[in-house]
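Fold and contact review
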2 protein chains.
Amino acid sequence: VNGAGRPVALVLAYHGAGFAGFQRQPGARTVQGVLERALGDMAGRPVAVRGAGRTDAGVHAAGQVADCRLPDGVRVPTARLPLALGARLPADLAVAEAHDVPPDFHARRSALAKRYRYLIWRRPVPSPFWRQCAWSYAGRLDAPAMAAAAPALVGRRDFSALAGSATPVRSAVRTVLSCTVRAEDPWLAIDVEADGFLYHMVRAIAGTLLEVGRGALRPEDLPAVLCSGRRAAAGPSLPANGLCLLFVRYPASCGLPDPPAPVWPP
Amino acid sequence: VNGAGRPVALVLAYHGAGFAGFQRQPGARTVQGVLERALGDMAGRPVAVRGAGRTDAGVHAAGQVADCRLPDGVRVPTARLPLALGARLPADLAVAEAHDVPPDFHARRSALAKRYRYLIWRRPVPSPFWRQCAWSYAGRLDAPAMAAAAPALVGRRDFSALAGSATPVRSAVRTVLSCTVRAEDPWLAIDVEADGFLYHMVRAIAGTLLEVGRGALRPEDLPAVLCSGRRAAAGPSLPANGLCLLFVRYPASCGLPDPPAPVWPP
């Protein structure tokens, strides 16, 4: 992504069901791979992109951000990139916005925070419209208890108890800026905004709040679960299809607009 | 649908993109055909269903209603039918509810009213989540003017100006019970409830209100458009993918619950 060319940031929306995650992988259909191919076709030479976060296979995005350098030969004005790229992209991946950014912009490193939403469809029969964009759970859930438990997750702390075991990281300390539960039949949404996320962290937070909703944990148990640092003390990681990267927040100096008011749902 | 057996009503939700409409047709995948096959598999003999309305190819439903007679050999309690049939239905068709109904219940003839929603996505780039469930229109729309025009459609009158030309009908008189326009970025929804609908009537109403939103018609022009009885005086029929049958309303004596508060969106 270094080198010459016009530095631009692209705001991406994608339906995760058809992608093996964001990150380019040989032989797999990924968001990065499909986007780089579209950009390369338009530019007539390879264009590399960097994403703000690596969403897993099956995870959706309403406002993922990726940056790249457009070769000087590309004459399309930045504001026209969404439509110009739209003609080269499949229906499950859209460039919703494009913005000029400073040369030192880095989609991941420049980000202040990212917000994810975990969406639960609370009916016994999955919805034909939502089955791929929400996780179905028809059991009884005490939504007020879940909402009461959520603030315990806010703050700067070690989130080892809520991280997938797969990835060793130097530090599991992250700052959760907000965590809210909103229930409006037939949906329940868990929103988490943080300066960074560990592997499967939102899905583990959602699974832990679900345990509270089911009565298997009490809201007042959460601080001890976090302090234990033990993954087994928390709830399970919920499936990928309920998760969506809502938006990425940047300093105003980056030239990206403020995140939109989250649409409900999804 | 006549004859012996347990009379039940099924509340159906389906994603219209994969169906050639509701009505059974040889060689085509239709909602009726797929549902009758699932019922027949469960019952071990053919089961015919009747729908409250014949949605066109590509049109969705959140609360279509169909009725049938279940042979006496079927031991599944009515309340368990959604899950029992769910195992035999594809992911784009769900039986959301099942209810016992009186022997003279008729999904279409017993209905008091049906409500449809036409959903418009107001962004230049189609959403990967909504592209099949909403029609994209990015032009300027004066939503308050559309909302001001909508009440002119309410009442008992001849709707020839808003009917597809394909189908000759004995009478084009219908009663529109409500017609509302709701705009909430990035959506605009047009809801129409009536005791019956002519061919393409909601799509023509939506297209006519769109002309008001675009400034090509004024709200005060609508009464004259309706009185003219000329299809050409009204706006075009909008595409099927924006249309959804929200619910069907029955007298309390039929044993079906009141329609749910419409979910927003879709």
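The present account deals with the structure reproduced in this document.

Another aspect to go through is the overall build of chain A. Broken down by element type, chain A carries five helices and ten strands. Here chain A has a C-alpha radius of gyration of 19 Å; the compact-globule value for 266 residues is 18 Å, and the two agree. With respect to the principal axes defined by its C-alpha atoms, chain A has extents near 60 × 40 × 35 Å. Classification of the 266 residues of chain A by burial places 55% in the buried group.

Residue and element names in this part refer to chain B. Along the polypeptide, E193 turns up in strand β9 (residues 187-194). E193 sits in the buried class, given a relative accessible area of 5%. Here the side chain of E193 touches R249 through a polar contact of 2.7 Å, side chain to side chain. Leave out the neighbours within four places in its chain, and E193 touches A113, K114, R115, T175, V176, L177, S178, F247 and R249.

Listed per partner, the contact involves 29 residues of chain B and 30 residues of chain A. Interface area for chain B against chain A, summed over the two sides, is near 1800 Å², with a carbon-plus-sulfur share of 80%. Taken together, the connections running from chain B to chain A amount to zero salt bridges. Joining chain B to chain A, the criterion identifies two residue pairs in polar contact (both at pLDDT 80 or more). Of all the secondary-structure elements, those providing two or more residues to the side of chain B that touches chain A are β1 (6-14), β3 (60-70), α2 (81-86) and β4 (93-100) of chain B. Taken together, the residues of the side of chain B that touches chain A break down into 24 nonpolar, two polar and three charged.

Here the focus is the environment of A148(B). Residues and elements named next belong to chain B. Inspection of the secondary structure assignment puts A148 in helix α3 (residues 143-149). Residue class for A148 comes out exposed when judged on its relative accessible area of 52%. Along the sequence, A148 and D258 sit 110 residues apart, while their C-alpha atoms lie 28 Å from each other.

For the rest of this paragraph, the subject is the packing of aromatic side chains. Centre distance and the angle of the planes are the two values used to describe a pair of aromatic rings. Considering all chains together, one arrives at 13 aromatic pairs over all chains under this definition. Where W130(A) meets W130(B), the ring centres are 5.7 Å apart and the plane angle is 80°; that geometry is what we call edge-to-face. In this pair, W130(A) is assigned in the loop between β5 (113-121) and β6 (135-136) and W130(B) in the loop between β5 (113-121) and β6 (135-136), connecting two distinct chains. The exposure class of W130(A) is buried, given its relative accessible area of 5%. Between W121(B) and W187(B) the ring centres are 5.7 Å apart and the planes differ by 70°, which places this aromatic pair in the edge-to-face class. Of this pair, W121(B) sits in strand β5 while W187(B) sits in strand β9, placing them 66 residues apart in sequence.

Turning our eyes to something else, we now look at the relation of the copies chain B and chain A. Superposing chain B onto chain A takes a rotation of 180° plus a shift of 0.0 Å along the axis, which leaves an RMSD of 0.0 Å. Such a combination of rotation and displacement between the chain copies is what one expects of a two-fold axis. Here 100% of the interface residues in chain B have copies in chain A that are interface residues too; the copies meet face to matching face.

Let's shift gears to the state of the cysteines. Under the counting rule described, the total for this entry stands at zero disulfides over all chains. The structure places no disulfide on C254(A), whose sulfur is separated from the nearest cysteine sulfur, that of C68(A), by 15 Å. Assessed through its relative accessible area of 8%, C254(A) is described here as buried. Of the cysteine sulfurs around C133(B), a residue in no disulfide, the closest is that of C244(B), at 8.0 Å. Classification of C133(B) by relative accessible area gives buried; the value is 9%.

We now examine the pattern of salt bridges. Residues and elements named next belong to chain A. Scanning all chains against the criterion turns up 22 salt bridges over all chains. D191 serves as the salt-bridge partner of R117, at 2.7 Å between the closest nitrogen and oxygen. Of this pair, R117 sits in strand β5 while D191 sits in strand β9 (residues 187-194), and the two are 74 residues apart along the sequence. Judged by relative accessible area, R117 falls into the buried class, the value being 6%. Its salt-bridge partner being R214, residue E211 comes within 2.5 Å of it at the nearest N-O pair.

Let us look at the pairing of β9(A). Sheet faces and side chains relate simply in a regular strand, where the side chains alternate between the two faces. Residue and element names in this part refer to chain A. Burial analysis of β9 places eight of its eight residues in the buried class, the great majority of the element. Relative to β9, β5 runs antiparallel, the two sharing eight bridges. Looking at β9, one finds that K114 is bridged to A194. The sheet contact formed by strand β8 (residues 173-184) and β9 spans eight bridges and is antiparallel.

Okay, the side chain of K114(B) next. All names here are of chain B. Within the secondary structure, K114 sits in strand β5. Despite its burial, K114 pairs with no opposite charge, the nearest such side chain being D195 at 8.5 Å. Engagement of the side chain of K114 in a polar contact is seen with the backbone oxygen of A52, the distance being 3.3 Å. In this view, K114 contacts A52, G53, V192, E193, A194, F197, L245, F247 and V248; residues no more than four positions away in its chain are not counted.

The next thing to look at is helix α1 (residues 31-43) of chain A. Residues and elements named next belong to chain A. For α1, built from 13 residues, the straight-helix expectation of 18 Å at 1.5 Å per residue is met to within 8% by its first-to-last C-alpha distance of 18 Å. In terms of burial, α1 is largely enclosed, as eleven of its 13 residues are buried. Inspection of α1 places V31, Q32, G33, V34, L35, E36, A38, L39, G40, M42 and A43 among the buried residues, and these make up the whole buried set. Among the structural elements, β1 (6-14), β2 (49-51), β3 (60-70), α2 (81-86) and β4 (93-100) are those in contact with the buried residues of α1. Trailing α1 by a residue or two, G44 shows a phi angle of about 75°, which is positive.

Cut-offs used in this document
Residues numbered from 1 in each chain as written. Chains lettered and ligands numbered in written order. Predicted model: local features only at pLDDT ≥ 70, side-chain atom pairs only at ≥ 80, totals over all residues. Heavy atoms only, no water. Helix = DSSP H or I, 4+ residues; strand = E, 2+ residues; numbered from the N terminus. Rg over C-alpha atoms; globule rule 2.2 N^0.38 Å. Buried < 20%, exposed > 50% of the residue type's maximum accessible area, 1.4 Å probe, protein only. Polar contact = N/O pair within 3.5 Å; in protein donor to acceptor, adjacent residues only side chain to side chain. Contact = heavy atoms within 4.5 Å. Buried area = accessible area lost by both parts, 1.4 Å probe. Salt bridge = Lys/Arg side-chain N within 4 Å of Asp/Glu carboxyl O. Nonpolar A, V, L, I, M, F, W, Y, C, P; charged D, E, K, R; others polar. Phe/Tyr/Trp six-rings, centres within 6.5 Å; stacked < 30°, edge-to-face > 60°. Least-squares fit on C-alpha atoms with pLDDT ≥ 70 in both. Disulfide = S-S within 2.5 Å. Pairing = 2+ DSSP bridges. Lys, Arg positive; Asp, Glu negative; His and termini not counted. Expected span 1.5 Å × (residues − 1).

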